[in-house]
Structures are given as C-alpha cells and as structure tokens.
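Residue-level listing of the chains:
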Amino acid sequence: MAEPTLRSAYRRRLLLAAAAGALLAGCGFRPRGIAGLGAPTVHINTARNSALGRVIERRLSGSETRWVEPTEAAEIRLDILSYREERDILSLTPDGKVREYQIRAQLRFRALDKEGEEIVPATTLTAERDYGYSDDEVTAREKEEVLLYADMRQQLVDQMFLMIGRTLAKRK
C-alpha cells in the first residue's frame, strides 16, 4: 500500500518541477552562463593548443565572445606577454627531505581595442598553492601538482577576463 503513495508523491513533484520550468521558460528566463570579454570578437596571441590557450578557448566557448583570426577581424586584441609556472621548496623534514612545495603561476597580459589603444595596460596576475610532499606517494603528488597548476591557470584566465570585461563595461 505504501508504494503507490510514494510513487504518486514522486509524480506530483515531477509535475510541479515541470510546471515551474515551463513558467520560467515562458517568461524568458535562462541561465546566465559565463561572461565573455564584453566584445563579440577577440584575437589572442597564444597558441590554441598550449595549456593556457586551451583554458582560454574553453572559457570563451561558454560566452558570447569568439576567438578570431586575423588580428584585424577582432574588436579586442589580447596580448599574452608571458606565462610562467614555478615550483619552490617550502619546507624540509629534519633529515633534509622535502616536506612541502609552493607552486606559482604568473600571467602577464595587456588588452588593446581595434584602434590599438590600451584597454588594460600590461598587468601581472599571480596564483600560488602549497602542497605536502612524500617520497612514499610520488605519483599521487605529481598528479596533485598537475591539477593545482590547471586550477591556477583557470583562476588566472577568469581574473583576466573579469578585468577586461569590467574595463570595457566602464568605457561604454
């Protein structure tokens, strides 16, 4: 007897969710998605197949901004002046083995408009992470480092897009 009651309660919830979705769709609601750069097209002077280029392309794919070639076809020119990843020893064990590392990613960029005027002057963004190290878990720690670098690249690209988007919004 309890089973039909649970099934009918589930159906009611499903119908209510469908009705709510229909109401929201009818009023023009849609999820915001990822903010682009505030311009329809951008040219970026980095290889699309580089680690940084793949993050930028993934970020653009969810926005209204498209990465175009050649430079003249773009509303914005994004110059990646440098991108660097580093690792330093943060602490050692009493017997001289590495206990912790600090890794760092640094992105230097500038943004220009179609006329070549600077939108965002040369700017440096930095992200840092610390992680513990153990000789017993070498493979796991190497994979952790790769994931941390990927996270920092994503953070730096998000910050860069936010800076450019806010600057463009102020200019309008």
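Located above this text is the structure these notes cover.
Residues numbered from 1 in each chain as written. Predicted model: local features only at pLDDT ≥ 70, side-chain atom pairs only at ≥ 80, totals over all residues. Heavy atoms only, no water.

Draft legend 1. Quick peek at the pattern of salt bridges. All chains considered together, the criterion is met by 16 salt bridges. In this structure, the salt-bridge partner of Arg 48 is Glu 57, at a minimum N-O distance of 2.8 Å. With a shortest N-O distance of 2.8 Å, Asp 158 and Arg 59 are connected by a salt bridge. Within this pair, whereas Asp 158 is found in helix 3 (residues 138-171), its partner Arg 59 is found in helix 2 (residues 51-61), the two being separated by 99 residues in sequence. On the basis of relative accessible area, Asp 158 is assigned to the partly exposed category, the value being 30%. Each of Arg 84, Glu 86, Asp 88, Arg 104 and Glu 128 takes part in a single network of salt bridges with overlapping partners. (Salt bridge = Lys/Arg side-chain N within 4 Å of Asp/Glu carboxyl O. Helix = DSSP H or I, 4+ residues; strand = E, 2+ residues; numbered from the N terminus. Buried < 20%, exposed > 50% of the residue type's maximum accessible area, 1.4 Å probe, protein only.)

Draft legend 2. Fine view of the pairing of strand 5 (residues 118-132). Both strand 4 (residues 98-113) and strand 5 contribute to a ladder of twelve bridges, which runs antiparallel. For Glu 100, the partnering residue across the bridge sits in strand 5 and is Gly 132. What sits between the antiparallel neighbours strand 4 and strand 5 is a turn of four residues, in which Gly 116 has the positive phi angle 95 degrees. (Pairing = 2+ DSSP bridges.)

Draft legend 3. Region of the structure containing the packing of aromatic side chains. For the structure on display, the rule yields two aromatic pairs. An angle of 80 degrees between the planes, with centres 5.5 Å apart, marks the rings of Tyr 101 and Tyr 133 as edge-to-face. Here Tyr 133 lies in the loop between strand 5 and helix 3 and Tyr 101 lies in strand 4, a separation of 32 residues in the sequence. Relative accessible area serves as the criterion here: at 11%, Tyr 101 is assigned to the buried category. Ring pairing ties together the aromatic residues Tyr 101, Tyr 131 and Tyr 133, which thus form one cluster. When the ring centre of Trp 67 is taken as reference, the NZ or CZ atom of Arg 48 above it lies at 4.3 Å. Positioned over the ring face of Tyr 101 is Arg 87, at 4.2 Å from the centre of the ring. (Phe/Tyr/Trp six-rings, centres within 6.5 Å; stacked < 30°, edge-to-face > 60°. Lys NZ or Arg CZ within 6 Å of the ring centre and 35° of its normal.)

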